[in-house]
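Remarks on the overall topology
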Amino acid sequence: MRLFLLLWCCALALAAQQQPGQTPSTPPQPVIRAGTEEVLLDVIVRDKKGRPIHDLEADDIEVYEDGARQKVTAFRLVEGARQETEASEAEPALSAKTEQKHSDPTRQLRLVSLVFDSLNEEARRLARLAALEFLKNPLDQNAYIAVFTIDLRLNVLQQFTNDRDLLRKAIGTATTKQYTDFSAQSDAIRKELEDAEQDVNGAESASSPGRGNSSSGGIGSGMAAAAMASMTLNVLRNAETTTREQQARSAIFSLLSIIREQAALPGRKTVLYFCEGLAVPEATIEQFRSVISAANRANVSVYDVDARGLISDAQSKSSTAMLASAAKSSRRQQIYNNSVTVDQVKVFDTARDSIHADRQTALDDLSTSTGGFLIANTNDFRAPFRKLSE
């Protein structure tokens, strides 16, 4: 009875708190806010003879994103130093105090990053000539240039400055570093090993059941030589794959660091990337695409410079060699039907990587996708660098 009375009193108390006509309170509804950002697009339009066109209007420009046409909210002509004059004339007159308070000197900055990536002696010479040629072109007072190098890590040799003497000194330092190149000697040894491996594979197939039963001592020594040659070749192949990925990651993440940090400043930003081509393995494709995406968000245009100079005879040599190696491994396995080697196991991976091994394809993609262009297959950089300065 006591428990019943206690429960009854609690029920009466709750009923007294509930006033007539009052509805239970509802939880607050979540507020969904949507926003958008205006994207700045720099457009350079030229006629058939390469002369710039100045009399365009907003109706002449169409911008599409994922197939959908976007609205152009503002459109104006910018010509170097005239940009500051036009901007100042368009703004109402301000008192000295107000102008000092609201003016932002970073609005009109033009940043240029010179990046030199692991160049050999001849490539360093051409890159030095190209960079010094770039400094000969007229630059506005608000243009600042920095010098970086990539050698498995990113180094800065000169902070952003418009002092041409300091820039020439930094360019000289970046393009005169001495090192010993063993690549030619290593390639010659590798060719000998591949020939020895192929010869002994033929000898092994001849001594296998059903293909003749020669039992000379030379075959046994040949088998040992084949095993050692195959072992050394696998060392070189694995090292090449690792080195390609390491070099690609070093270049990609270094460029990504330079580009991302420049997003904080408005204005026109440019990266001049001097290299001996860029091979992007399958494992680094997503990171490479993130560089393009970050550059477009940060309003950074990348101009790639293939410092190997004129190489018209072998632009796709590396990709062709990788594809030929994959075909050769597959053919040896089918003909000799002997034990499977490491390169035969990786034949499909090698064929896939050969698609991305062309060292100029990635450079052209990076340049054109960010509003720049590729400078390659030439030893005379005067004309392309004049165009770049414009």
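See the structure printed just above.
Here's what I pulled together on the structure shown here.

Calculation criteria
Residues numbered from 1 in each chain as written. Predicted model: local features only at pLDDT ≥ 70, side-chain atom pairs only at ≥ 80, totals over all residues. Heavy atoms only, no water. Helix = DSSP H or I, 4+ residues; strand = E, 2+ residues; numbered from the N terminus. Buried < 20%, exposed > 50% of the residue type's maximum accessible area, 1.4 Å probe, protein only. Contact = heavy atoms within 4.5 Å. Areas by Shrake-Rupley, 256 points an atom, 1.4 Å probe, with all protein chains shown as cover. Arc of directions from axis to C-beta. Patch = residues over 30% accessible without salt bridge, like charges linked within 9 Å, V, L, I, M, F, W, Y side chains within 5 Å. Salt bridge = Lys/Arg side-chain N within 4 Å of Asp/Glu carboxyl O. Lys, Arg positive; Asp, Glu negative; His and termini not counted. Charge placed at Lys NZ, Arg CZ, Asp CG, Glu CD. Axes fitted to C-alpha atoms, helices over the stretch in contact; angles between N-to-C directions. Parallel < 35°, antiparallel > 145°, perpendicular 65-115°, else oblique. Left-handed = near helix turned anticlockwise from the far one by under 90°. Nonpolar A, V, L, I, M, F, W, Y, C, P; charged D, E, K, R; others polar. Pairing = 2+ DSSP bridges. Expected span 1.5 Å × (residues − 1). Polar contact = N/O pair within 3.5 Å; in protein donor to acceptor, adjacent residues only side chain to side chain. Core = buried A, V, L, I, M, F, W, Y, C linked by side-chain atoms within 4.5 Å.

This part covers the overall build of the protein. Looking only at helices and strands, the protein has 13 helices and seven strands in total. Here the protein holds 390 residues, and the buried ones make up 31% of them. Relative to all contacts within the protein whose residues are 6 or more apart in sequence, the contacts with residues 24 or more apart total 76%. Surface summary for the protein: the accessible area is close to 25,300 Å², and the carbon and sulfur share equals 54%.

All right, on to helix α13 (residues 382-389) then. Among all positions of α13, only Pro384, Phe385 and Leu388 are buried. The buried residues of α13 all sit within an arc of 95° when viewed along its axis, so they share a single face. Elements that come into contact with the buried residues of α13 comprise α4 (121-136), β6 (268-275) and β7 (300-306).

The next subject is a negative patch on the surface. On the surface, Asp55, Glu57, Asp59 and Asp60 cluster together to form a negatively charged patch. If you trace the backbone, Glu57 turns up in the loop between α1 (2-17) and β1 (63-65).

Tracing the sequence through the fold places Leu126 in helix α4. Apart from residues no more than four positions distant in its own chain, Leu126 is found in contact with Ala307, Arg308, Gly309, Asn379 and Phe381.

A separate point is the packing of α4 against α13. The axes of two packed helices give the description: the angle between them and the distance between them. Between α4 and α13, the shortest axis-to-axis distance is 9 Å and the interhelical angle comes to 45°. Our classification of the angle between α4 and α13 gives oblique. Note on packing geometry: the crossing formed by α4 with α13 is right-handed. Taking contact as the criterion, the partners of Ala130, Glu133 and Phe134 in α4 are, on α13, Arg382, Phe385, Leu388 and Ser389. A class-by-class count of the residues in the contact of α4 with α13 yields four nonpolar, one polar and two charged.

Inspection of the sheet shows strand β4 (residues 143-150) paired to strand β5 (residues 154-161) by five bridges, in the antiparallel sense. The partner of Thr149 across the bridge, within β5, is Asn155. In sequence, β4 turns back onto β5 through a hairpin of three residues, with Leu152 there showing a positive phi of about 70°.

Below, the discussion takes up α4. If you check α4, its first and last C-alpha atoms are 23 Å apart, about what 16 residues at 1.5 Å a residue would give, namely 22 Å. Taken together, the buried positions of α4 are Ala123, Arg124, Leu126, Ala127, Ala130, Ala131, Glu133, Phe134 and Leu135. The N-terminus of α4 is capped by Asn120, whose side-chain oxygen sits 3.3 Å from the backbone nitrogen of Glu122.

Phi at Asp66 takes a positive value of approximately 55°, unusual for a residue other than glycine. Note on placement: Asp66 falls in the loop between β1 and β2 (68-70). Its identity is not glycine, yet Ser118 carries a phi of approximately 45°, on the positive side. Residue position: Ser118 is located in the loop between β3 (110-117) and α4.

Moving on: the nonpolar core. With 28 residues, the main nonpolar core has Val115, Ile259, Val271, Tyr273 and Phe288 as its most contacted residues. Of all the secondary-structure elements, those providing two or more residues to this core are β4, α7 (217-262), β6, α8 (285-297), β7 and α12 (361-368). Element by element, the count of residues in this core is highest for α7, at seven residues. Ignoring anything within four residues of it in the chain, the contact list for Phe288 reads Ile252, Leu278, Val280, Ala362, Asp365 and Leu366. Within the second largest apolar cluster, 26 residues are counted, among which are Val112, Leu126, Ile145 and Ala170.

Another aspect to go through is a nonpolar patch on the surface. A contiguous nonpolar patch, built from Val39, Leu41 and Val43 and spanning about 300 Å² of accessible area, is present on the exposed surface. Along the polypeptide, Leu41 turns up in the loop between α1 and β1.

With that settled, the discussion passes to the pattern of salt bridges. Summed over the entire model, instances satisfying the criterion amount to eight salt bridges. For Glu133, the salt bridge goes to Lys136, with nearest N and O atoms at 3.8 Å. Of this pair, Glu133 and Lys136 both sit in helix α4, three residues apart, roughly one helical turn.

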